[in-house]
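Chain by chain, the residues:
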Amino acid sequence: MLDTGFHSVPADDRIIVALDCNAAWEAIVMADALAGRAKWVKVGMTLYYAEGPAIIQMFKRRGFKVFLDLKFHDIPHQVEGAARSAAASGADMITMHTVGGQAMMEAAQRGALLGASDIGGPVPATLGITVLTSMNDETLAQTGVTRPLTEQVAALAELAMTSGISGVVASPLEASMLREILGPEAYIVTPGVRPAGAALGDQSRVMTPAEAFAAGASHIVVGRPITQAADPAAAFDAIAAEVAGL
Ligand code: C5P
């Protein structure tokens with residue numbers, strides 16, 4: 001078991017439910033099914049670009065923390081503004097591409113602080129995307145990066161920490177390497193998680209929730225094993241029970 005600064009955080013506060021819905025009503029139905037249990041929901045680009053910041057406020061009113069996964073990547077001035085707007089809309093966790101560089105990540109951090117102060121709220125966690133898990137050594141080389149993919153992931157994760165952001169989003173298979181490099185306090189948020197026996201869907205290289213936490217994840221992102229379960233609340237409870245105390 002790798003040491004992290006997150007062992008004292010309750011299990012239900014370390015599981016983020018990905019609501020990959022196309023419309024607000026679907027997200028609201030799921031949020032109502034999980035209210036009082038799940039603490040976190042993840043809103044991605046599809047839902048956000050359809051519904052705008054109102055969708056964040058809808059979740060906040062129901063008591064959820066919101067992981068707003070918009071993966072900023074632009075010049076620092078734009079990213080500072082984007083992070084400020086996201087923080088001011090109430091997002092509790094935001095994402096950016098680390099390949100935007102140190103100045104861009106520092107700008108995102110500044111924006112997150114400003115947005116939180118605009119609303120007198122907590123500063124969101126700021127997470128970097130290293131290499132998209134849809135990529136491999138060959139497709140990475142097409143972008144001009146010829147070193148091995150894991151070296152690129154490690155280097156970008158270190159750059160994220162140098163830039164003062166909270167941590168990274170990573171495959172659970174990279175979590176232990178990243179925990180070693182980044183130290184116990186960094187956020188390492190891992191999708192690609194499946195409870196034992198659950199359908200893989202389009203995920204291929206997965207870990208169970210318990211394995212992901214044991215590898216050093218601070219938080220896990222779980223979507224369809226919860227949202228497509230016959231009883232989403234029970235599916236959430238089962239995962240929370242499996243990982244309680246890890
Ligand atoms: O339904 P499932 O548990 O596969 O959902 C996982 C969530 O995490 C989805 O929102 C997916 O887009 C996201 N994600 C992922 N793998 C990555 C990065 C993000 O599955 N490498």
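Quantities reported herein were computed from a predicted structural model and do not represent experimental measurements.

Observations regarding the environment of Ala 196
Part 1: Within the element layout of this structure, Ala 196 appears in the loop between strand E7 (187-190) and helix H9 (209-214).
Part 2: Residue classification places Ala 196 among the exposed residues on the basis of a relative accessible area of 68%.

Considerations on the site of the ligand
Part 1: Every residue near the ligand is listed here: Ala 18, Asp 20, Lys 42, Thr 133, Pro 191, Arg 194, Gln 203, Val 221, Val 222, Gly 223, Arg 224 and Pro 225.
Part 2: At a separation of 2.2 Å, a nitrogen atom of the ligand approaches a polar side-chain atom of Thr 133.
Part 3: Residue Arg 224 places a main-chain N or O atom 2.7 Å away from an oxygen atom belonging to the ligand.
Part 4: Here the ligand loses 77% of its free accessible area of 460 Å² to cover by the protein chains.

Structural notes on the pairing of strand E3 (residues 65-72)
Part 1: Counting buried positions along E3 yields 6 of 8 residues, so the element is predominantly enclosed.
Part 2: Of the strand pairs in this sheet, strand E2 (residues 40-43) and E3 are connected by 4 bridges, and their pairing is parallel. Paired with Val 41 across the strands is Val 66, a residue of E3.
Part 3: Two elements, E3 and strand E4 (residues 93-97), share 3 bridges in a ladder whose sense is parallel.

About the cut-offs
- Residues numbered from 1 in each chain as written.
- Predicted model: local features only at pLDDT ≥ 70, side-chain atom pairs only at ≥ 80, totals over all residues.
- Heavy atoms only, no water.
- Helix = DSSP H or I, 4+ residues; strand = E, 2+ residues; numbered from the N terminus.
- Buried < 20%, exposed > 50% of the residue type's maximum accessible area, 1.4 Å probe, protein only.
- Near = heavy atom within 4 Å.
- Polar contact = N/O pair within 3.5 Å; in protein donor to acceptor, adjacent residues only side chain to side chain.
- Areas by Shrake-Rupley, 256 points an atom, 1.4 Å probe, with all protein chains shown as cover.
- Pairing = 2+ DSSP bridges.

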